[in-house]
Each structure stands twice: as C-alpha cells, then as structure tokens.
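Residue strings, one per chain:
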Amino acid sequence: MESSSDFYNINAGAEEHILDLGNGRQLAYAYNGPLTSRTVVLFFSGLMSVGNAAYVPKSCSDLQALWIAPTLPGMGNSSIRSTGEEYHIALARDITMLLSHLYPTGAFDTLYIGGGSYGTVPAQMLYGAPYDLFPAGRKTAACLLLSGFSPFKYHIGYARTLSWHTWFSVGPPSRLPFRPLQRLTSTVLATKLRDQDGAKAFLDQVLFSKMDEEEQAVMAAWLEQKGRTKDEFIGQMAEAAVKCCKRWDGFMEVADVIHSDWGFDPAKLDDEHSSKPVLVCGSEKDDMGGATNSWIVENYKCSKLWVAPGGHISGLFYLDEIWEEVFKMSRPSGR
C-alpha cells in the first residue's frame, strides 16, 4: 500500500509551471501531491514570494491532498490583471481556469483555501466569491488566514490597529494620488532584492533578527524535524523574493487591492458561505500582519482565533497543528 510520502516530492513541488490564460496573460503556479486527489488545498503566499509547493504540511499530505500554490498577479512570472478589471473578479476567473486545467472534469470534492499575510486577501476573496463567479467555491470546506488583513472598505477604524510601518505601507498614506510611497519603497527594495545575498540580508533585517531566543529555538526544532537547515530556509525565501520582484506591478497595487471592493461584506455573507469555518491565525509579536484579526473573527460568522508565540512568520512553525485544526473545524462534529 502506498504511503502519503509516495505522492509528494520536494523538487517537483518547487518546480514552477506556467498556465496560458489567453489575451497575452499567464499564471505561474506550483503543485505537489496526487493529481487524482479528491481533496485540494489552494494556498496563496504573501509579499516577496512566489507560489511554491515544495514543503506540504504533514496533516495535508496525510490526507493525500493536492497542494496548489499560485503566484499572485503582477508578481514573479504571473501577469498583472487586465486594465480596468476588478481584482476579485480577475482572480476568481484565473483560479477557475487553473483548477479547470488541473481538473478538466472537475473531479475533486473538497476545497480548502488558505493564505499567509497579503495572501489572505485573495484567500478571502475566493472564500466569499459568488458561486457563479467562482463555481469551485461550492466545494469549499474551510479557509485558513495566517497573519492577514481585513477588507478595509468595511473595517471602519482599521488604521488604529496597524503598526506604524504597516500604517505607512497600506494605511492612509498609501492612498495618495500617483502612489508616491509605493514608488519610493519599490525603488529602495529593488536595490536590496536584486540578488540572493541582498535578499537574505533584507530578510534577516525585517524578520530573523527580530526573533527572540525562544522563537529561534522553536524555528531550529522545526527545521530539524523537517530535515532543513537555517541557511537553506533563508536561502529559499531569498530566492523567492528575488523571483517575485522580477516585476513590481503586483507590489504597486497591494494597498489598492486591500482597500478595494472584495465583492462581499463578511458580516453579510449568505448562510451557505458563512457556514464554512474560517481559522484566523496570528502571532503574539507580529508587527507586520494580523493586526486586524479581531475584526475578521468578529465578522466571519463561523470563525475561530488561533494565536502562536513569536513574530510574523511564526505560524510556519506550527502549520501541521494549524492545518489539523482547520480539518477538525470542517468536520460536522468540529463546528
């Protein structure tokens, strides 16, 4: 009998695939697991990253789920959306095409949607999308949001919850005409992320140097369990950051997307949508994302908060437990 490990391969999961979307557009993505699986996990990573499916959480591989990791529009090798098209509509269409490409006959029964940091925005857009726009949404069992953002259009007073850094990045200053802050930031970041060494130094500055001894120990234990070294881990993140920043279109519109119409108000979702559980995960010392978690939990009717010790990426070190909780919530007895 085949074990779950027989269906997953780190190198295959790290391989980038390109889907032709037509009209000169394309979508980059990675996947890992059996293409015959009836269970699909669709996961969006955040800024400074691209879709990568090399390391599938054990609780997902135990289910023999197909893990799909798209690269967000305007980042890496994924094309920016067409001019004048609303983000949530273009996203739903592109992901529908991706699922149809991998499952031409729609032969899957269950969909789990997740995202980390900025990736929680597209995850929520698909979770709440009308089913005529995103037909696969009918198969959604649950949604996972790691250190994410609320829809600022409906979250009145959101700015008071943000750290000063995030306030400048996606708060009121980011709404200035012609995007002066975004242009300045992208210019500065381009000098830091032009190669892997620069990206590693940048990641150390914004993430790893901020970890206290306890979080460093948790990360070390997690890496040992996964058979990875710290240098490999940071190097892979740095490589993804360099790939992501081959283009800046997606970065430039981040604040606009968070402030945009996502196609629904979480508090007013119909019963069929809102009955599907949402696990909202935050970190105790996160100064980059997750500041709006309380609002998210209050406005999604079937939601739960899960808080990890550590900083912005500490949720990574608990993904096996987090996904196990998602699966528990999605079972009738877990609701």
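Residues numbered from 1 in each chain as written. Predicted model: local features only at pLDDT ≥ 70, side-chain atom pairs only at ≥ 80, totals over all residues. Heavy atoms only, no water.

A word on empty space enclosed by the protein
Logical step 1: This model, assessed by the stated rule, comprises two cavities of 30 Å³ or more.
Logical step 2: In this model, the largest cavity occupies a volume close to 60 Å³.
Logical step 3: Contributing to the lining of the largest cavity are 13 residues, with Leu27, Thr71, Pro73, Leu91 and Asp94 lying nearest its centre.
Logical step 4: Among the secondary structure elements, those contributing two or more residues to the lining of the largest cavity are strand 2 (25–32) and helix 3 (87–102).
Logical step 5: Of the residues assigned to the lining of the largest cavity, the class counts are seven nonpolar, four polar and two charged.
Logical step 6: For the second largest cavity, the calculated volume is near 30 Å³.
Logical step 7: Lining the second largest cavity, in full, are His88, Ala92, Met125, Leu126, Ala129, Pro130, Leu133, Trp262 and Gly263.
Logical step 8: Those elements giving two or more residues to the lining of the second largest cavity turn out to be helix 3 and helix 4 (120–127).
Logical step 9: When the residues that make up the lining of the second largest cavity are grouped by side-chain class, the tally is seven nonpolar, two polar and no charged. (1 Å grid on protein atoms, 1.4 Å probe; cavity = no way out; pocket = protein on both sides within 12 Å on 5 of 7 lines; lining within 4 Å. Points joined across faces, edges and corners; volume = space filled by probe spheres on them. Helix = DSSP H or I, 4+ residues; strand = E, 2+ residues; numbered from the N terminus. Nonpolar A, V, L, I, M, F, W, Y, C, P; charged D, E, K, R; others polar.)

Details of helix 4
Each α-helix turn comprises 3.6 residues. Residues three or four places apart therefore point the same way.
Logical step 1: Among the eight residues that make up helix 4, eight are buried, leaving the element largely enclosed by the rest of the structure.
Logical step 2: Thr120, Val121, Pro122, Ala123, Gln124, Met125, Leu126 and Tyr127 are the residues of helix 4 that are buried. (Buried < 20%, exposed > 50% of the residue type's maximum accessible area, 1.4 Å probe, protein only.)

Observations concerning unusual backbone geometry
Logical step 1: Even without a glycine there, the phi angle at Met48 is positive, about 60°.
Logical step 2: A relative accessible area of 15% means that Met48 is categorised as buried.
Logical step 3: With phi around 55°, Gln64 is a residue other than glycine that occupies positive phi space.
Logical step 4: Mapped onto the elements of the fold, Gln64 is located in the loop between helix 2 (58–61) and strand 4 (66–70).

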